[in-house]
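Architecture and fold: a report
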Amino acid sequence: MARTTAQRVMPYQEHSKLTNQFLKLVRSVADREGWREYDVFTKWLEAATCALMNPVLTRLGDKERWDQNEERYLEIVRSCSKPYPTMNDLASMLGIITLALEDSPKDFIGPVFMEVAANSNMGQFFTPTGVSEFIARMSLHNARGLLYDAYINEGRTFITLAEPACGVGGMVLAANQVLREQGLDIIEEVEWTCVDVDYKAACGAFIQLNLTGASAVVVHGNSITLETWRVMPTMAALLRRARAMNCTTIMMEGELCERADIF
């Protein structure tokens, strides 16, 4: 007999109670709308990304992208046969992950994504949290030294890190935990550039990094061909860059958006 998604996910998920609540809402929406779990989860990923991007685009003063973002959110609403209860459940799912990441800033989306939405044609397999933490401790054992070198050699007061195939950001979350343990401020002293070719995965990374206060720019793009389709800075990254540039310029999607009133 086939196991339920919850039975498959729980052995790999530290947030087991909240994960179970999350998956119950996934099933509830699937039953109500006649969708697959995949449809519910991927619509949630994009709806949550749109909701979290709105304040970022408002802060940038980018009305054109704000309108596009809002229209995409409304398209998701219009795809529902029962929009009020369904969108309420999708909002509750975002609330659950917010609580989970506040309790423990470790990968929540990854195990669910692997069971529900992973693309075998892309060879998607997200690194388990324990392995991510082990790699982070080996790679960033001297983060204070890296920060010192950045200041001495380039005058930077932060280190820059890149994840060229970030998935839903599990490796970045683990690395940020290691950096916190070494006393680094992950907003002011760390800046991530995270790239993934799968838009669904990039949405997952943006959600998790934004909710954990990471200074990161998540790129839906291809690290090999250097194509870029969408850039999503977290709010922490936006505000850090604003302070660094004395509130005059912010880089987004390769363009300098002049803003004197970023705060």
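Residues numbered from 1 in each chain as written. Predicted model: local features only at pLDDT ≥ 70, side-chain atom pairs only at ≥ 80, totals over all residues. Heavy atoms only, no water.

**Comments concerning the overall build of the protein**
Broken down by element type, the protein carries 11 helices and six strands. Of all 263 residues assigned to the protein, the portion counted as buried reaches 51%. For the protein, long-range pairs separated by at least 24 residues make up 65% of all intrachain contacts whose partners lie at least 6 apart in sequence. Element-wise, carbon and sulfur atoms account for 55% of the exposed surface of the protein, whose accessible area totals about 12,700 Å². (Helix = DSSP H or I, 4+ residues; strand = E, 2+ residues; numbered from the N terminus. Buried < 20%, exposed > 50% of the residue type's maximum accessible area, 1.4 Å probe, protein only. Contact = heavy atoms within 4.5 Å. Areas by Shrake-Rupley, 256 points an atom, 1.4 Å probe, with all protein chains shown as cover.)

**With respect to the sheet that holds strand β2 (residues 190-196)**
On the basis of which strands lie adjacent, the open sheet formed by four strands has the order β1-β2-β3-β4 and mixed pairing. Sheet topology places β1 (159-163) and β4 (228-233) at the edges, where each strand pairs with a single neighbour. Neighbour-to-neighbour, the strand axes of the sheet open up by a mean angle of 15°, direction not taken into account. Where strand β3 (residues 216-221) and β4 come together, five bridges link them in antiparallel fashion. By the bridge assignment for β4, Gly221 is matched with Thr228. (Pairing = 2+ DSSP bridges. Axes fitted to C-alpha atoms, helices over the stretch in contact; angles between N-to-C directions.)

**A closer look at empty space enclosed by the protein**
Under the criterion given, the structure shown has one cavity of 30 Å³ or more. Roughly 40 Å³ of volume is contained in the largest cavity. Forming the boundary of the largest cavity are Pro105, Lys106, Asp107, Thr129, Glu133, Gly170, Leu173, Ala174 and Gln177. Sort the elements by how many residues they give to the lining of the largest cavity and helix α9 (residues 170-181) lands first, with four residues. Of the residues assigned to the lining of the largest cavity, the class counts are three nonpolar, three polar and three charged. (1 Å grid on protein atoms, 1.4 Å probe; cavity = no way out; pocket = protein on both sides within 12 Å on 5 of 7 lines; lining within 4 Å. Points joined across faces, edges and corners; volume = space filled by probe spheres on them. Nonpolar A, V, L, I, M, F, W, Y, C, P; charged D, E, K, R; others polar.)

**Details of the packing of aromatic side chains**
Within this structure, the stated rule accounts for five aromatic pairs. When the centroid spacing of 6.0 Å and the interplanar angle of 25° are considered together, the rings of Phe41 and Trp44 count as stacked. One end of the pair, Phe41, and the other, Trp44, are both in helix α3 (residues 37-60), three residues apart, so they sit about a helical turn from each other. Judged by its relative accessible area of 1%, Phe41 is buried. A ring pair is formed by Phe41 and Phe113, whose centres lie 5.9 Å apart and whose planes are at 75°; its orientation type is edge-to-face. Here Phe41, found in helix α3, pairs with Phe113, found in helix α6 (residues 109-116); they are 72 residues apart in sequence, far enough to count as distant. Residues Phe41 and Phe113 agree in their burial class; the two are buried. The rings of Phe22, Phe41, Trp44, Phe108 and Phe113 are connected pair by pair, giving a single aromatic cluster. When the ring centre of Phe158 is taken as reference, the NZ or CZ atom of Arg240 above it lies at 4.1 Å. (Phe/Tyr/Trp six-rings, centres within 6.5 Å; stacked < 30°, edge-to-face > 60°. Lys NZ or Arg CZ within 6 Å of the ring centre and 35° of its normal.)

**Some thoughts on the state of the cysteines**
Here, the word disulfide means a covalent bond between the sulfur atoms of two cysteines. On inspection of all chains with the given rule, the structure shows zero disulfides. For Cys194, which is in no disulfide, the shortest distance to another cysteine sulfur is to Cys166 and amounts to 5.1 Å. (Disulfide = S-S within 2.5 Å.)

**Digging into the confidence of the model for the protein**
Overall, the predicted model of the protein reaches an average pLDDT of 85, with 83% of residues at or above 70. For the protein, per-element mean pLDDT is lowest for strand β6 (residues 255-258), which scores 38, and highest for helix α10 (residues 199-211), which scores 97. Between residues 247-263, whose pLDDT stays under 50, and residues either more than four places distant or in other chains, the model counts 45 contacts. (pLDDT = per-residue confidence, 0-100.)

**Observations regarding the packing of α3 against helix α4 (residues 63-78)**
For the pair α3 and α4, the least separation of the axes is 9 Å and the interaxial angle reads 155°. As the angle between them shows, α3 and α4 are arranged roughly antiparallel. Along this stretch, α3 crosses α4, giving a crossing that reads as left-handed. Along the contact surface, α3 presents Lys43, Glu46, Ala47, Cys50, Met53, Asn54, Leu57 and Thr58, while α4 presents Arg65, Trp66, Asn69, Glu70, Arg72, Tyr73 and Ile76. Split into classes, the residues belonging to the contact of α3 with α4 amount to seven nonpolar, three polar and five charged. (Parallel < 35°, antiparallel > 145°, perpendicular 65-115°, else oblique. Left-handed = near helix turned anticlockwise from the far one by under 90°.)

**Overview of α6**
The element α6 is extensively covered by neighbouring structure, given that six of its eight residues are classed as buried. Those residues of α6 that sit buried are Ile109, Gly110, Pro111, Val112, Phe113 and Val116.

**Brief notes about unusual backbone geometry**
Phi is positive for Leu226, close to 70°, though the residue is something other than glycine. Within the secondary structure, Leu226 is located in the loop between β3 and β4.

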